[in-house]
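# Examination of the molecular architecture
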Amino acid sequence: MQLEEERSLCQRYANRIRSYGRCHLRDGAAAEDLVQQVLLVLLQSLRAGRVKDVQNLDKYVFGICRNASMEMRRRTIRARRIAEQSAVAAPPEGYEPSSPLDAAQLDRCLERLEPRARGVVLATFVDERDAQEVGRSMGLSAGNVRVIRHRALAQLQRCMQRSEL
Amino acid sequence: MNECPSYETLVALWAGELDERAAEAVDEHLFGCEACAAETARLATVVGALREKIPFVISRAHRERLEAAGMRVQVTEVDRSTPPVASATARFVADVDLLVFALRADVSDADRVDVELASPTGTPRYLVEDVPFDREAGEVLIACQRHFEGMFPDGDPIFTVHAVQAGERRTIGDYVVEHIWR
């Protein structure tokens, strides 16, 4: 496999692995470790000819990602700096760390949310409460919390995108 | 999963509310679908940044970590007040990043502490269960951040501390801080 093809694969999968890591490991640094680890395993497998079905690479990468993530969780997320391998190896070609979001801008966008929606978003993603708990604490049904939550997140995303323009 | 998941489903995945099988089906789809991967990456950026934010109630160790990391924290000691009126004032001046209200409370026999944050009118009201607290120091730390401005439009919130012991919840007291936002 040519270097250019490898770079293109890394670019294709880096964001997907990062999103998976952020979602399931709930830690930005651990997600970056996951990206590097999965890409290294992928490239090593391709170079060694261990990938049987190259046409079905999405599924293969997902499998590596899920297994690596489970392994990381077993080692406890916050301890991070997972496999020594990824700590000592250079990041693969095409890997680029994610750029951090402007925290001050996020605060301004949060301030624009209606107070109840802001409370739901913060209780869900900062205090890590599920819809039942948030609903109980705010006198709302869980269903109502879910509706408020996804609308508020969509509004936040729009606000952040507008401010990037 | 062949169909693209709805935005609500993606948010539920991020909130950890899908069961294992459903989550795996959505995750697998996201690896193979260009449009969903892009949508999720945008969601990941916002939710990831939200998860870096500071919770409503923090431990003393958390406060010390924030200070060690260079955050400018101003701590205000707050005593109970009956009836609930402001017993302290805190100002969000330009060189302060975070206001911390150290609520003084006898929580020495508590198994768990819950904190209620409520508008003087009662709405909105948030109950945060099982918060960190310092049993020996008798302290519960509220972290007040700039983006909280306007969350309680009817006046400064009342913080009510509850101690839970052997499954019974009793109210320790109400605390009010006069917030000056600028």
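Here, residues in each chain are numbered from 1, in the same order as that chain's written sequence. Chain labels run from A onward and ligand labels from 1 onward, assigned in the order the entries are written. Given that this is a predicted model, residues contribute local features only at a pLDDT of at least 70 and side-chain atom pairs are listed and counted only at 80 or more, while totals for whole chains, interfaces and linings are drawn from all residues.

### Observations regarding the environment of Arg-118 of chain A
To be explicit about the condition: Counting from the N terminus, the helices are the DSSP runs of H or I reaching at least four residues and the strands are the DSSP runs of E reaching at least two. Contact between two residues is assigned when their C-beta atoms, built from the backbone, lie within 7 Å.
Tracing the backbone through its elements, the reader meets Arg-118 of chain A in helix H6 (residues 115-125). Taking C-alpha positions, Arg-118 of chain A is 44 Å from Gln-55 of chain A, a pair spaced 63 residues apart along the chain. Every residue in contact with Arg-118 of chain A, bar those within four places of it in the chain, is listed here: Leu-110 and Leu-113 of chain A together with Met-151 of chain B.

### Remarks on the nonpolar core
Test applied: Any set of buried Ala, Val, Leu, Ile, Met, Phe, Trp, Tyr and Cys residues joined through C-beta atoms within 7 Å is what this text calls a nonpolar core. Partly exposed residues are those whose C-beta has more than 12 but fewer than 20 other C-beta atoms within 10 Å; with 20 or more the residue is buried, with 12 or fewer it is exposed, and the C-beta atoms are placed from the backbone.
Formed by 88 residues in total, the largest nonpolar core has its most connected members in Val-57, Phe-101, Leu-103, Val-140 and Ile-142 of chain B. Setting aside anything within four residues of it in sequence, one finds Ile-142 of chain B in contact with Phe-56, Val-57, Val-100, Phe-101, Leu-103 and Phe-159 of chain B.

### Notes on the domain arrangement of chain A
Note the cut-off: Here the limits of each domain have been adopted from an automatic or database domain assignment.
Per the domain assignment, the segments of chain A are domain 1 (3-88) and domain 2 (103-164). Summarising the inter-unit geometry, the C-alpha centres of domain 1 of chain A and domain 2 of chain A are found 30 Å apart.

### Describing the interface of chain A and chain B
To be explicit about the condition: Side-chain classes follow a simple rule in which Ala, Val, Leu, Ile, Met, Phe, Trp, Tyr, Cys and Pro form the nonpolar group, Asp, Glu, Lys and Arg form the charged group, and the remainder, Gly included, forms the polar group.
On the side of chain B, 41 residues touch chain A, which itself brings 42 residues to the contact. Of all the secondary-structure elements, those providing two or more residues to the side of chain A that touches chain B are helix H1 (3-25), helix H3 (57-74), helix H5 (103-112), H6, helix H7 (131-138) and helix H8 (142-164) of chain A. Tallied by class, the residues present in the side of chain A that touches chain B amount to 19 nonpolar, 9 polar and 14 charged.

### Quick look at the sheet that holds strand S3 (residues 88-91) of chain B
All names here are of chain B. Keep this limit in mind: When DSSP finds at least two bridges between two strands, those strands are taken to pair. Lines fitted to C-alpha atoms define the axes here, with helix axes fitted over just the stretch in contact, and angles between the N-to-C directions of these axes take values from 0 to 180 degrees.
The mixed open sheet is built from 5 strands, whose spatial order is S3-S9-S8-S5-S6. For this open sheet the edge positions go to S3 and strand S6 (125-128), each flanked by a neighbour on one side alone. If you compare each strand with its neighbour and ignore which way they point, the axes differ by 25° on average. Alignment of strand S5 (residues 112-118) against strand S8 (residues 158-165), held across 7 bridges, turns out to be antiparallel. What sits directly across from Asp-114, in S8, is His-162.

### Here we look at the domain arrangement of chain B
With domains assigned, chain B is organised as domain 1 (7-51) and domain 2 (57-180). For domain 1 of chain B versus domain 2 of chain B, the distance between C-alpha centres works out to 33 Å.

### Some details on the confidence of the model for chain B
As a reminder of what qualifies: pLDDT measures the predictor's confidence residue by residue and takes values from 0 up to 100.
Averaged over chain B, the pLDDT score is 92; the fraction of residues at 70 or greater is 99%. Our summary of model confidence lists the complex with pTM equal to 0.78 and ipTM equal to 0.79.

### Brief notes about H7 of chain A
All names here are of chain A. Heads up, the rule is: Note that the arc is computed from the directions linking the helix axis to the C-beta atoms.
Looking at H7, one finds that the buried residues are Ala-131, Val-134, Gly-135, Ser-137 and Met-138. One side of H7 carries all its buried residues, which in axial view fall inside an arc of 165°. Count one or two residues on from H7 and you reach Gly-139, which has phi positive near 70°.

### Things to note about the confidence of the model for chain A
For chain A, mean pLDDT is 84; residues scoring 70 or higher make up 82% of the total. Within the model, the stretch residues 80-85 of chain A combines pLDDT values under 50 with 12 contacts to residues more than four positions away or in other chains.

### Overview of the sheet that holds strand S1 (residues 57-58) of chain B
Each strand in a sheet pairs with its neighbour through backbone hydrogen bonds, running either in the same direction (parallel) or in the opposite one (antiparallel). Residue and element names in this part refer to chain B. Taken together, the 4 strands give an open sheet; going across it, the order is S1-S7-S4-S2, and neighbouring strands pair in mixed fashion. What marks the edges here is a single partner per strand, and that holds for S1 and strand S2 (73-78). Inspection of the sheet shows S2 paired to strand S4 (residues 98-104) by 6 bridges, in the parallel sense. From the neighbouring strand, Glu-77 faces S4, where its bridge partner is Ala-102.

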